[in-house]
Amino acid sequence: MKILHKEILARSNNLYIIRLEIIAPEISRKAKAGQFVVLMVNEKGERIPLTIVDKDIENATITLIFQEAGLTTKLLGRLNPGDSLYALVGPLGNPTEIERYGRVILVGGGVGIAEIYPVAKALKEKENQITTILGARTKDLLILEEKLKKISDEFYITTDDGTYGRKGFVTDILEELLSSKIKAMGYKLVYAVGPIPMMRRISEITSSYNIKTIVSLNAVMVDATGMCGCCRVTVAGKTYFSCIDGPEFDAHLVDWEELKKRNRIYQDKEKHICNLYRI
Amino acid sequence: MKQPIKVKELAVSQRINNFSEVVLGYTENEALQEAERCLQCKNPQCISGCPVGIDIKRFIFQITQKDYQGAYFTIREKNNFPSICGRVCPAEYQCRKACILTKKESNFASEETINIHFLERFIGDYGIRNNLEVSQSKDNRFFRFKVAVVGSGPAGLSCAGELARKGIKVTIFEALHQLGGVLRYGIPPFRLSRDILDKEIENLVKLKVEFVPNCIIGKTISLNELFKEGFQAIFLGLGAGTPLFLGIPGENLCNIYSANEFLTRINLMSAYRFPEFHTPINVGKNIIVIGGGNTAMDAARCALRLQKINGLNPNVTLLYRRTEVEMPARRLEIEHAKEEGVNFRFLVQPKRFIGDENGFVKKVICLECRLGEPDASGRRRPVEVEGSDFEIETDLVIIAIGLKANQVLTSVTPELKTDKYKDIIVDPETMQTSIKNVFAGGDIVGGEGTVIEAMGMAKKAGSSIIASLLNN
């Protein structure tokens, strides 16, 4: 649970994206692409889920990447090498189904880029042809560009403000790729992680081309072992627990409206606590 | 015959703005008077009503002789956690119901039966205060054995206690960051004070039990790996961890909680002390709790306290589809909930939830019920009355209608045979599962039960583990 390395991956104004390498021998040995951990920063802390971005079995570490958003991620960002987490448990959730699909598109938005990295790596090892589309608000907030470029056969970047890559959204590129008919027929899978509106829009686009699309959902969790049902999502009209049935689901079947609303349950309280701690 | 000695409780006004323990327990004098009431039957029925077979007659007699130490060890022969059981056991359905003073045909113990649970609590607390300890056996045949216990709830703790007393090296693996399982995340501190829980767990540490929190067997470590690490036997006390929902429209609206989530946020994560503790919980003005068991009572009473702490007028309504008599909750909890101001509405079945434009619940549509023929549980089945629809305004709903098996371990361990409810199948004689040297007990065997029933199964498994270790 001890932090071995810390790196500020990106910074824009007061917004930080941070990478931590944490000693966790058992989790490191077991973790597979798509899985996550739950951690607590201190004994009064909240339990939050974070995707396992990378692992190093030799050094017995796992890598987490997060954007400082709520109180917990901000407190996490203040920890330094040598500090220990209060609690760390995993690997949780089901691993991504890594198969030889053929041509796949991976779309990452914001800090979601960190979450597509382990999946991209695993898909590449299975000899898939990888097209990667990364989107960031601005150039300074783009992460993992080099690492993902290396394993991609085709590689695109968009920024909302046009400071880097193409000005616009990942969905612009996705639509272009798919609207060329021959190409659209060749893509077997789209894997996307990012803000809910991004994943939702991607789902709409790929649904019209009938391309299998997997998303990793960031529902609110407590225990993350199926005990509380806080993370329930509706998929194809049925209720699932994101923590044990997911975190990945078929994007075309997700009730996005419900997810969007459920993720805002504690919005006011989060603002309040961040103001209170002046963080 | 003398009247039963009433146990002292916090006044309602002192209860509902905090999470302090409500029942204060007997003083020595009160315990003596209550113990004197025991008839010391030649053929005591109470013992048969106890899932772990405590020699109730004997420990009550020892109390009358002021031999509290003796009484403590009499209980500890059969039960490792008298202070916990004295607080949470539904005695009116168990030992007290079996007591000769209970009127025949009664659904639960009559009032005049001996308050066995309060006496047990008195003795358990006496043991804690006086650091009474059960010593580890000196039998060196056991020192070389290592056993893994999965889950630190009532079953796991109990099994660990049984084994550790023999001198077996026990390691308990717990998924959460704190120990105690449902005793920690489920049962609120006003029913089981955290000091008592910590003390009872400390007793295991004194017996050299090792605890590994933040470790999910089936995820972090597999059963096979535990054997490879040198554990010769494994006990699974996984609990019935997964909450059931009603399966009606609108159930995933915001501010509809499972009781497990609501209670975990409060009890485990201390959300009632937000923002000092960082886990949030929402508080409604009109809170609805659905269900009739102890969990529903716990949720309702927590909800009421949350309202009070947040400066709202207490307004919690509990909906139950049968009537008060059929409620599976402990009578004392029902009484406490009523005293504290929880409203009860019986013969009501929720049919759908309606939300506002932001996806928060604002109404529940219900049907009235009447009682029909008895069902498999022996209780009269609620029958919905057609056309009786009515609505209740609400802004927070807690669903407390039961739990089912958590499948985190069983789903990745196909050799571990389960029944149609995904509960683990065991040999009822030995509690051994379909895997050799893997035993199970508690709610993951046979579904939801009481703390003491879980302990009973765990004890049985403990004995089988000891026997099998010696035979191998």
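Residues numbered from 1 in each chain as written. Chains lettered and ligands numbered in written order. Predicted model: local features only at pLDDT ≥ 70, side-chain atom pairs only at ≥ 80, totals over all residues. Heavy atoms only, no water.

**A closer look at the packing of helix α13 (residues 294–309) of chain B against helix α14 (residues 331–340) of chain B**
Residues and elements named next belong to chain B. Where α13 meets α14, the closest approach of the two axes is 10 Å, and the angle between their N-to-C directions is 25 degrees. Overall, the two elements α13 and α14 adopt an arrangement that is roughly parallel. As for how α13 packs across α14, the hand of that crossing is left-handed. On α14, the residues that touch Asn 294, Met 297, Arg 301, Leu 304 and Arg 305 of α13 are Glu 333, Ile 334, His 336, Ala 337 and Glu 340. When the residues that make up the contact of α13 with α14 are grouped by side-chain class, the tally is 4 nonpolar, 2 polar and 4 charged. (Axes fitted to C-alpha atoms, helices over the stretch in contact; angles between N-to-C directions. Helix = DSSP H or I, 4+ residues; strand = E, 2+ residues; numbered from the N terminus. Parallel < 35°, antiparallel > 145°, perpendicular 65-115°, else oblique. Left-handed = near helix turned anticlockwise from the far one by under 90°. Contact = heavy atoms within 4.5 Å. Nonpolar A, V, L, I, M, F, W, Y, C, P; charged D, E, K, R; others polar.)

**Overview of the side chain of Thr 158 of chain A**
Residues and elements named next belong to chain A. Its location among the elements puts Thr 158 in strand β10 (residues 154–159). By relative accessible area, which is 1% here, Thr 158 ends up buried. Of note is the side chain of Thr 158, whose polar atom sits 3.4 Å from the backbone nitrogen of Val 170. The residues contacting Thr 158, other than those within four sequence positions of it, are Leu 134, Gly 135, Ala 136, Tyr 164, Arg 166, Gly 168, Phe 169, Val 170 and Ile 173. (Buried < 20%, exposed > 50% of the residue type's maximum accessible area, 1.4 Å probe, protein only. Polar contact = N/O pair within 3.5 Å; in protein donor to acceptor, adjacent residues only side chain to side chain.)

**Details of the interface of chain B and chain A**
Of the residues lining the interface, 45 residues belong to chain B; the matching set on chain A comes to 46 residues. In total, chain B and chain A occlude about 3700 Å² of area from one another, counting both sides; carbon and sulfur atoms represent 57% of this. For chain B, the biggest contributors to the area lost against chain A are Lys 219, Asn 252 and His 278 of chain B; these three give 21% of the whole. Applying the counting criterion to the chain B and chain A interface returns 2 salt bridges. Here Glu 276 of chain B makes a salt bridge to Lys 44 of chain A, at a shortest N to O gap of 2.8 Å. Scanning the region where chain B abuts chain A turns up 26 residue pairs in polar contact (both at pLDDT 80 or more). Going through the elements one at a time, β5 (242–243), β6 (256–258) and α12 (259–268) of chain B are the ones with two or more residues in the side of chain B that touches chain A. Across the side of chain B that touches chain A, the residue classes break down as 20 nonpolar, 18 polar and 7 charged. (Buried area = accessible area lost by both parts, 1.4 Å probe. Salt bridge = Lys/Arg side-chain N within 4 Å of Asp/Glu carboxyl O.)

**Some remarks on the environment of Leu 50 of chain A**
Residues and elements named next belong to chain A. Considering the arrangement of structural elements, one finds Leu 50 in strand β4 (residues 48–51). The exposure class of Leu 50 is buried, given its relative accessible area of 12%. Spatially, the C-alpha atom of Leu 50 lies 18 Å from that of Gly 229, the residues being 179 residues apart in sequence. With sequence-adjacent residues up to four places away left out, Leu 50 is seen in contact with Phe 36, Val 37, Leu 39, Leu 64, Phe 66 and Leu 76.

**Here's the deal with the sheet that holds strand β13 (residues 213–216) of chain A**
Residues and elements named next belong to chain A. Pairing in this open sheet of 7 strands is mixed, and the strands run β11-β10-β9-β8-β12-β13-β16 from one edge to the other. Two strands close off the open sheet at either side, each with one partner strand: β11 (166–167) and β16 (248–250). Strand direction decides the pairing type here: strand β9 (residues 129–136) and β10, joined by 6 bridges, are parallel. Each bridged residue has a counterpart across the sheet, and for Leu 134 the counterpart in β10 is Ile 157. Contacting β8 (103–109), β9, β10, β11 and β12 (187–193), helix α5 (residues 170–179) crosses the sheet at an angle of about 150 degrees to β9. The strands that helix α7 (residues 196–209) touches are β8, β12 and β13; relative to β12, the one it contacts most, it runs at about 165 degrees. (Pairing = 2+ DSSP bridges.)

**Some thoughts on the side chain of Thr 61 of chain A**
Residue and element names in this part refer to chain A. Along the chain, the position of Thr 61 falls in strand β6 (residues 61–67). Reaching out from Thr 61, the side chain makes a polar contact with the side chain of Glu 21 at a distance of 2.9 Å. Here Thr 61 is in contact with Leu 4, Glu 21, Ile 22, Ile 23, Ala 24, Ser 28, Lys 55 and Asp 56, once residues within four sequence places are set aside.

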